[in-house]
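Observations on the three-dimensional arrangement
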Amino acid sequence: MLRITDRMTKNLITEVMEKDSKEDFNKAQASGTYNWSSLVGSEKLEALDILFPESKETVIKICKDFYLLYNLTNTDSNADDFYLDIFWKSKDFISLFCSVGGVQIGYEKKRVTTHMHALVYHVPIFIKNHKKFRHFTGQGVEKNNDDAKKICFQKSNRWDGARDVLLVENKQQLLRHCEREKRQYHKRNAAYWENDIIETRKKWTKACLREIQINHSASVEQGSNSSENKYNKMTVKQLRQEIKSASINVRGLAKMKKSNWLRS
């Protein structure tokens, strides 16, 4: 399933880049090979919005049908014809996938991978014989592999990795009853967590705002006092230069005394 998703994502990226190159004529032609990171749900929706209009609805339907098919294969059903339902839906999915081949790149019959073939002709047989497709999942093996790698690289001296992994797993198996239990927390005063905490936080907010206002007014007052003291220490010549640098027009600047400047 993941490989089929990779193929669909590759086709999506290719179509988006092709449309971008056609709309921007000044852009240099690319080589046709692109590298991209995994797309999250919102990014895939954005990419679907900028597809070519002639194939946009069909491509969106391909993605939706594959999502429904994925959920269907992971469903536990005891119906006798359940495998036939998966077979026909898988076949319809491949037919819809190939129908875009003459319109966009990446949807031709030669682009149908072995994983798509297995989805149509092998997965239904597995479900018919074993009832559940989850029996063939490799998530458990991958989890064990991740744990073994973590033990080898973080909890061993790397002399004998396999031996260290087996010893650590055996030790964990023997000490599994000694695991620390999660501490339970009980709310003693339920009324506080429902109502009182809201009022308390409101009071904290008001107190913080009041303190900020007091500090701001104090800093402004201190700044005005410091500037006044600075001007008192200046000479007449320095005061004239300060006024000129501030581009302030004052009548009688040459005849005005220092005491008059400070009062004004």
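The preceding data block contains the structure.
The paragraphs below set out a description of the structure included in this document. (Residues numbered from 1 in each chain as written. Predicted model: local features only at pLDDT ≥ 70, side-chain atom pairs only at ≥ 80, totals over all residues. Heavy atoms only, no water.)

**Regarding the pattern of salt bridges**
The criterion, for reference: Any carboxyl oxygen of Asp or Glu that lies within 4 Å of a side-chain nitrogen of Lys or Arg is treated as forming a salt bridge with it. Under the scheme used here, helices are H or I runs from DSSP no shorter than 4 residues and strands are E runs no shorter than 2 residues, and both carry numbers assigned from the N terminus. Only protein chains enter the accessibility calculation, which uses a 1.4 Å probe; a residue is then buried when its area is under 20% of its type maximum, exposed when over 50%, and partly exposed in between.
Tallied over the full model, the rule gives 4 salt bridges. Arg 3 serves as the salt-bridge partner of Asp 6, at 3.6 Å between the closest nitrogen and oxygen. Of this pair, Asp 6 and Arg 3 both sit in helix H1 (residues 2-23), separated by 3 residues, roughly a single helical turn. On the basis of relative accessible area, Arg 3 is assigned to the partly exposed category, the value being 48%. Between Glu 108 and Arg 111 there is a salt bridge, with its nearest N and O atoms 3.7 Å apart. Classification of Glu 108 by relative accessible area gives partly exposed; the value is 23%.

**Overview of unusual backbone geometry**
At Lys 131, a position not held by glycine, the phi torsion is positive, near 70 degrees. Tracing the chain through its elements places Lys 131 in the loop between helix H6 (123-130) and helix H7 (139-154).

**Some words on the nonpolar core**
Among soluble globular proteins, nonpolar side chains are generally buried collectively. Keep this limit in mind: What is meant by a nonpolar core is a set of buried Ala, Val, Leu, Ile, Met, Phe, Trp, Tyr and Cys residues, joined one to another through side-chain atoms within 4.5 Å. In what follows, a contact means two residues having at least one pair of non-hydrogen atoms within 4.5 Å.
With 26 residues, the main nonpolar core has Ile 4, Ile 62, Phe 93 and Leu 119 as its most contacted residues. Counting only elements with at least two residues in this core, the list comes to H1, helix H2 (41-49), helix H3 (56-73), helix H4 (82-99), helix H5 (114-121) and H6. Other than its neighbours up to four places away in sequence, Leu 119 contacts Met 1, Ile 4, Phe 66, Leu 69, Ser 90, Phe 93 and Pro 124.

**Section: the environment of Met 1**
The residue Met 1 is located in the segment before H1 in this model. Note on Met 1: relative accessible area 26%, which makes it partly exposed. Each C-alpha atom of the pair Met 1 and Phe 66 lies 9.1 Å from the other, and the pair is 65 residues apart in sequence. Not counting chain neighbours up to four residues away, the residues in contact with Met 1 comprise Phe 66, Tyr 70, Thr 73 and Leu 119.

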